[in-house]
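Reading the structure
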Amino acid sequence: MTEPLENKKIVLGVSGSISCYKSIDLASRLVKAGALVDVVLSDAAQEFITPLAFQSITHRNVISNLFEYSSENPLEHITLAREADVIVLAPATANSIAKLANGFADNAISAICMATTAPILIAPAMDGNMYHNKAVQKNIDLLIEHGVHFVGPNAGRLASGLIGLGRLVEPEIITEHIKIVLGLTGDLKGMQIVVSAGGTQEAIDPVRVITNRSSGKMGYAIAEAARDRGGEVTLVTASSLPEPPGIKCLHVMSVAEMREAVLDSCNGADALIMAAAVSDYRPAEIANQKIKKKKGEENNISLDLVKNDDFFLEVPSGVMRIGFAAETEDLLSNAEIKLNSKGLSFIAANDVTQPDSGFNVDTNRVTLIDNNGKVEALPLLSKYEVGNSILDKMLQMSK
Ligand code: PMT
């Protein structure tokens, strides 16, 4: 599987709000991600922004009027409605939401929404009082009941000067929600997957920790890939990367905290994928106060460390266990030892000696070794693609 938006047909409906300018950025992100974006503008949207702005980005015809077409197809809106993988309304005004909730089809956006069987995602934008208006809330509830998806609005300063709910969600977050909506019928639908990410931190004293170079990128990429295929994902994270939308995140620091969160989340889960770099040792004691630098002749201090137990072995037997092994030498033999000693279905042996793979980069190079002795060396891939390869193998092995 490549990028989740690659070749997806997305209809982007833009209605009249000052936040229209953000939908240009949204269209640009979708196009960069490989989607085919057809923009449909309401009359009010064209008071704020021109069809040309979108056409320049999407390189496709922009529908700005239900009855005037620059193309040969007089039923272009019906064709778009039928062929779309998803319809996104961003921004959606109170008026557009009311039209959809009440079955109006008097402009191109509402006609397409009425004529489609594709999922619809709405990102509202309006003044705070307008958003809280009972009629608007009733229309939103009705659309949710009808299976329409919503993202936002955000709280903040509104065009009127009011502070409140009503701001259009940022384009990067809308993009993530489009992936979530597209993935709802994916091959991991109905599966619960627990992923760990980041480097644990073991306190030495109130200001110092023992940690490692893990950024969390690998674990987050696996979690996002699983989410984009319809999985219900819990991410146990020791990383400070921003929380990905649509994923339950549990933040931890120490190995003990990670162990507790992972084991709790594994109840009823189908698989555990441990991409986290977990500290093998922790200080025997945590000093209550900051340890002071020694004065005089005494230069060295030593830290007494105790071993952290491996918690893979405590995971309930019905949960498929998938591990990682970050190695700097004897990659395959070291990974095989971990595969067997931790009772794993398979392990991703990760050579971390190359600058383009391992810690804190967006690409990775792993070899998957399973408990039947099958060895599969993957080329250099994005961490998202590595995540998808791991999920493919997980599905194969669970059959
Ligand atoms: O986060 P990034 O910057 O993107 O970097 C990604 C990564 C290099 C950290 C990742 O790809 C990776 O290789 N993670 C595994 C790190 C590692 O070497 O773990 P380990 O060999 O210490 O442990 C082997 C396996 O047992 C791992 O799946 C680990 O999560 C798990 N483990 C380890 C110790 C412990 N007490 N309990 C565990 O479950």
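Going by the structure above, here's the rest.
Within each chain, residues carry numbers counting from 1 in the order of the written sequence. The model is predicted, so local features are restricted to residues of pLDDT at least 70 and side-chain atom pairs to those at 80 or more, both for listing and for counting; the totals for chains, interfaces and linings are taken over all residues. By convention in this description, side-chain values take in all heavy atoms of the structure and omit both hydrogens and water.

**Some remarks on the packing of helix α1 (residues 20-32) against helix α3 (residues 51-58)**
Contact geometry of α1 with α3 gives a least axis separation of 9 Å together with a crossing angle of 15 degrees. Here α1 lies roughly parallel to α3, going by the angle between them. Note that α1 runs across α3; the crossing there is right-handed. Each of Cys20, Ser23, Ile24, Ala27, Ser28 and Val31 in α1 lies in contact with α3, whose residues at this interface are Ala53, Phe54, Ile57 and Thr58. For the contact of α1 with α3, the class distribution of residues is 7 nonpolar, 3 polar and no charged. For helices, the fitted line uses only the C-alpha atoms of the stretch in contact; every axis is such a line through C-alpha atoms, and the angle between N-to-C directions lies from 0 to 180 degrees. The secondary structure listing takes helices from DSSP runs of H or I that are at least 4 residues long and strands from runs of E that are at least 2 residues long, numbered from the N terminus. Roughly parallel covers angles under 35 degrees, roughly antiparallel covers those over 145, roughly perpendicular covers 65 to 115, and oblique covers all other angles. Whether a crossing is left-handed or right-handed is set by the direction in which the near helix is turned from the far one by less than a right angle, anticlockwise for left-handed and clockwise for right-handed. Every residue pair with non-hydrogen atoms within 4.5 Å of one another is taken to be in contact. Residues were grouped as follows: Ala, Val, Leu, Ile, Met, Phe, Trp, Tyr, Cys and Pro as nonpolar; Asp, Glu, Lys and Arg as charged; and all remaining residues, including Gly, as polar.

**Examining the state of the cysteines**
Working definition: a disulfide is two cysteine sulfur atoms within 2.5 Å of each other. Under the definition given, this model contains 0 disulfides. Left without a disulfide partner, Cys20 is nearest to the cysteine sulfur of Cys113, which lies 15 Å away. Not engaged in a disulfide, the cysteine Cys249 finds its nearest cysteine sulfur in Cys266; these two sulfurs lie 16 Å apart. In this structure Cys249 comes out as buried when scored by relative accessible area, which is 14%. For every residue, the accessible area obtained with a 1.4 Å probe (protein chains only) is divided by the maximum for its type, and the residue is called buried under 20%, exposed over 50%, and partly exposed between those limits.

**Observations regarding the sheet that holds strand β3 (residues 86-92)**
In spatial order, the strands read β2-β1-β3-β4-β5; together these 5 strands make up an open sheet with parallel pairing. Lying at the two open borders of the sheet, with one neighbouring strand each, are β2 (36-41) and β5 (149-150). A pair of strands is considered paired only if DSSP assigns at least 2 bridges between the two. Where strand β1 (residues 9-14) lies against β3, 4 bridges are found, and the strand directions are parallel. Bridged to Ile10 within β3 is Val86. Here α1 sits on the sheet and contacts β1, β2 and β3; the angle it forms with β1, its principal contact strand, is near 175 degrees.

**Re the side chain of Asp228**
Tracing the backbone shows Asp228 in helix α10 (residues 217-228). In contact with Asp228, not counting residues within four places along its chain, are Pro4, Lys179, Ile180, Gly183 and Tyr384.

**Here's the deal with the sheet that holds strand β20 (residues 375-377)**
Whenever strands of a sheet pair, they do so through backbone hydrogen bonds, lying parallel or antiparallel. Here we have 8 strands laid out as an open sheet, ordered β12-β11-β8-β13-β16-β17-β19-β20, and mixed in their pairing. The open sheet has two free edges, formed respectively by β12 (248-251) and β20, since each of these has just one partner strand. Here the average twist between neighbouring strands, direction ignored, is 15 degrees. For strand β13 (residues 271-274) and strand β16 (residues 320-327), the ladder comprises 4 bridges, and the chain directions are parallel. Looking across to β16, one finds that Leu272 is bridged to Arg321.

**Section: the pattern of salt bridges**
Each reported salt bridge corresponds to a side-chain nitrogen of Lys or Arg within 4 Å of a carboxyl oxygen of Asp or Glu. This structure, assessed with the given rule, holds 18 salt bridges. Between Asp362 and Lys217 there is a salt bridge; the shortest N-O distance is 3.1 Å. Taken together, the residues Asp362 in the loop between β17 (346-351) and β18 (363-364) and Lys217 in helix α10 connect sequence positions 145 residues apart. Judged by relative accessible area, which is 55%, Asp362 ranks as exposed. According to the relative accessible area criterion, Lys217 is partly exposed, its value standing at 24%. One salt bridge in this structure joins Arg229 and Asp392, with 2.7 Å as the shortest N-O distance. Taken as a pair, Arg229 in the loop between α10 and β11 (232-237) and Asp392 in helix α13 (residues 383-398) lie far apart in primary sequence, 163 residues in all. We classify Arg229 as buried; its relative accessible area is 2%. Connected via shared salt-bridge partners are Glu176, Lys179, Arg227 and Asp228.

**Quick word on the nonpolar core**
Phe324, Ile390 and Met394 are the most contacted members of the largest nonpolar core, which has 33 residues in total. For this core, the elements supplying multiple residues, two or more each, are β8 (192-197), α10, β11, β13, β16, β17, β19 (366-370) and α13. If near-sequence neighbours (up to four positions away) are discounted, Phe324 is found in contact with Met218, Ile222, Ile273, Met274, Ala275, Ile347, Ala348, Asn350, Val366 and Ile390. As used in this record, nonpolar core signifies buried Ala, Val, Leu, Ile, Met, Phe, Trp, Tyr and Cys residues forming a set joined through side-chain atoms within 4.5 Å.

**Things to note about the environment of Lys32**
Within the fold, Lys32 resides in helix α1. Classification of Lys32 by relative accessible area gives exposed; the value is 72%. Sequence separation between Lys32 and Thr58 is 26 residues; the distance between their C-alpha atoms is 9.5 Å.

**As for unusual backbone geometry**
Across the junction of Ala90 and Pro91, the peptide omega takes the value 0 degrees, indicating a cis bond. Structurally, Pro91 is set in strand β3. Across the junction of Gly152 and Pro153, the peptide omega takes the value 10 degrees, indicating a cis bond. Its location among the elements puts Pro153 in the loop between β5 and β6 (154-157). Look at Asn7: it is not a glycine, yet its phi comes out positive at around 60 degrees. Of note, Asn7 is situated in the segment before β1. Taking relative accessible area as the criterion, Asn7 reaches 54% and is therefore assigned exposed. A positive phi is found at Asp330, a non-glycine position, where the angle reads about 45 degrees.

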